[in-house]
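Here's the letter readout for the chains.
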Amino acid sequence: MSTHKEIKRVTTHVLHEMKRRGEKIAMLTAYDYSMARIFDAAKIDVILVGDSASNVMAGHETTLPITLDQMIYHASSVIRAIKRALVVVDLPFGTYQGNSRRALDSAIRIMKESGAHAVKLEGGEEVKESVIRILSAGIPVMGHLGLTPQSIYKFGTYQVRAKEEAEAERLVRDALMLQEIGCFAIVLEKIPAALATRVSGMLDIPTIGIGAGGGTDGQVLVSHDLLGITKDFSPRFLRRYLNLYDDIKDAVERYIRDVRERDFPNEKEQY
Ligand code: KIV
């Protein structure tokens, strides 16, 4: 029997317990107050203030341009809406790589200025020192392995990662290392389902998959994709629950027509 609806406040401990009980974790991105309020009311477990805000909110081609100040702005808006969900915030590109002191400062700014509950950062061995330093300040860290969009110019494509044995074994080592140093969960993005299932079975901490099959402990999607606001992005792993792009466009076209035809406002819609 599921106990999801009885959870008053999702914490990292609750996620750990959910994995232990075999309950799946549902995570979605959100970047603003109004959307976060709806997701929280629907009882989403985790809200990720993802650096995908760079794409879907700001219209950049990659996640690289978004700044720490912009992430803090999005995160504070989300936090004001939340009563139940755990809120995790992405450390943006350039705020943690290669400098653990800077990583700690960035994570502290996010926690202090937005009120978020945890941070997420991309990478394995290469960000180990940064993760250790952030954890030493008592800040929960979610890892992110597989396709790591902040390294897009290194990979060159957004295709499935870790199909080759060497990369798969490195991912397994990184996942074990992130658990060992104290991460509370790991996102596995766009890797073969069999590998994600294997990693999830090896770890005590939960894995949250995106394009990684059904064997992970939870799933995450970018909310604009699930809601069909992004129209031209259709990877195999995406399930669209709405077609809001078309619905919103249709509503706006009807509004424009009503204004132009002097149908809006009518007598009842005025003082
Ligand atoms: O920024 C983001 O939305 C993410 C998810 C794709 C996991 O990192």
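Residues numbered from 1 in each chain as written. Predicted model: local features only at pLDDT ≥ 70, side-chain atom pairs only at ≥ 80, totals over all residues. Heavy atoms only, no water.

### A few points about the overall build of the chain
Helix and strand counts for the chain come out as 11 helices and 8 strands. For the chain, whose C-alpha radius of gyration is 20 Å, the value lies close to the compact-globule estimate of 18 Å for 271 residues. Oriented by its inertia axes, the alpha-carbon framework of the chain measures out at about 65 × 45 × 40 Å. By residue count, 49% of the 271 residues in the chain fall in the buried class. In the chain, the share of contacts with a sequence separation of at least 24, taken over all contacts with a separation of at least 6, comes to 58%. With the model as given, the accessible surface of the chain reaches about 14300 Å², and the carbon-plus-sulfur share is 52%. Where the 36 positive side-chain charges of the chain centre and where its 36 negative ones centre are 3 Å apart. (Helix = DSSP H or I, 4+ residues; strand = E, 2+ residues; numbered from the N terminus. Rg over C-alpha atoms; globule rule 2.2 N^0.38 Å. Buried < 20%, exposed > 50% of the residue type's maximum accessible area, 1.4 Å probe, protein only. Contact = heavy atoms within 4.5 Å. Areas by Shrake-Rupley, 256 points an atom, 1.4 Å probe, with all protein chains shown as cover. Lys, Arg positive; Asp, Glu negative; His and termini not counted. Charge placed at Lys NZ, Arg CZ, Asp CG, Glu CD.)

### A closer look at the nonpolar core
In terms of nonpolar packing, the biggest core is built from 78 residues, with Ile 47, Ile 134 and Leu 188 touching the most fellow members. When residues no more than four places from it in sequence are discounted, the contact partners of Ile 47 are Leu 28, Ala 30, Ala 36, Phe 39, Val 78, Ile 82, Ala 85, Leu 86, Val 87 and Val 88. (Core = buried A, V, L, I, M, F, W, Y, C linked by side-chain atoms within 4.5 Å.)

### Examining the layout of surface pockets
Here the largest pocket defines a volume of roughly 650 Å³. Surrounding the largest pocket, 29 residues form its lining, Ser 52, Asn 55, Glu 189, Val 222 and Phe 233 being those nearest its centre. Looking at the lining of the largest pocket, the elements with two or more residues in it are β1 (25-29), α3 (53-56) and β6 (185-189). Of the pockets and cavities examined, the second largest pocket occupies roughly 440 Å³. If you trace the second largest pocket, you find 23 residues lining it, with Gly 123, Glu 126, Thr 148, Lys 154 and Phe 155 closest to the centre. (1 Å grid on protein atoms, 1.4 Å probe; cavity = no way out; pocket = protein on both sides within 12 Å on 5 of 7 lines; lining within 4 Å. Points joined across faces, edges and corners; volume = space filled by probe spheres on them.)

### Overview of the domain arrangement of the chain
For the chain, the domain assignment lists domain 1 (3-240) and domain 2 (243-271). Centre-to-centre separation of domain 1 and domain 2, based on C-alpha positions: 38 Å. Between domain 1 and domain 2, the contact holds 5 residues from the first and 4 residues from the second. The contact between domain 1 and domain 2 buries some 420 Å² in all, and 59% of this surface belongs to carbon and sulfur atoms. Area buried by domain 1 at its contact with domain 2 is led by Leu 227, Ile 229 and Lys 231, which between them contribute 75% of it. For the interface between domain 1 and domain 2, the tally reads 1 salt bridge. Where domain 1 touches domain 2, the interface holds 4 residue pairs in polar contact (both at pLDDT 80 or more). The residue makeup of the side of domain 1 that touches domain 2, split by class, is 2 nonpolar, 1 polar and 2 charged. (Domains from an automatic or database assignment. Buried area = accessible area lost by both parts, 1.4 Å probe. Salt bridge = Lys/Arg side-chain N within 4 Å of Asp/Glu carboxyl O. Polar contact = N/O pair within 3.5 Å; in protein donor to acceptor, adjacent residues only side chain to side chain. Nonpolar A, V, L, I, M, F, W, Y, C, P; charged D, E, K, R; others polar.)

### Concerning the pairing of strand β8 (residues 218-221)
In this structure, β1 lies alongside β8, joined through 4 bridges in parallel fashion. Looking across to β8, one finds that Ile 25 is bridged to Gly 218. Bridge count for strand β7 (residues 207-210) against β8 is 2 bridges, and the pairing is parallel. Of the residues in β8, the one forming a bridge with Gly 209 is Gln 219. (Pairing = 2+ DSSP bridges.)

### Concerning the pairing of β7
Neither face of β7 is exposed, since Thr 207 and Gly 209 on one face and Ile 208 and Ile 210 on the opposite face are all buried. As defined by bridge partners, β6 adjoins β7 across 4 bridges and the pair is classed as parallel. Bridge pairing in β7 places Leu 188 opposite Gly 209. In this fold, β6 hands off to helix α9 (residues 193-202), which returns the chain to β7; that crossover is right-handed. (Right-handed = clockwise from strand over helix to strand, strands pointing away.)

### Observations regarding the packing of aromatic side chains
A complete count under the given rule lists 1 aromatic pair for this structure. Just above the ring of Phe 155 sits the side chain of Arg 161; from NZ or CZ to the centre is 3.8 Å. (Phe/Tyr/Trp six-rings, centres within 6.5 Å; stacked < 30°, edge-to-face > 60°. Lys NZ or Arg CZ within 6 Å of the ring centre and 35° of its normal.)

### Considering a nonpolar patch on the surface
Together, Ile 248, Val 252, Tyr 255, Ile 256, Val 259 and Phe 264 line one region of the surface with nonpolar side chains, adding up to about 510 Å² of accessible area. Structurally, Val 259 is set in helix α11 (residues 244-260). (Patch = residues over 30% accessible without salt bridge, like charges linked within 9 Å, V, L, I, M, F, W, Y side chains within 5 Å.)

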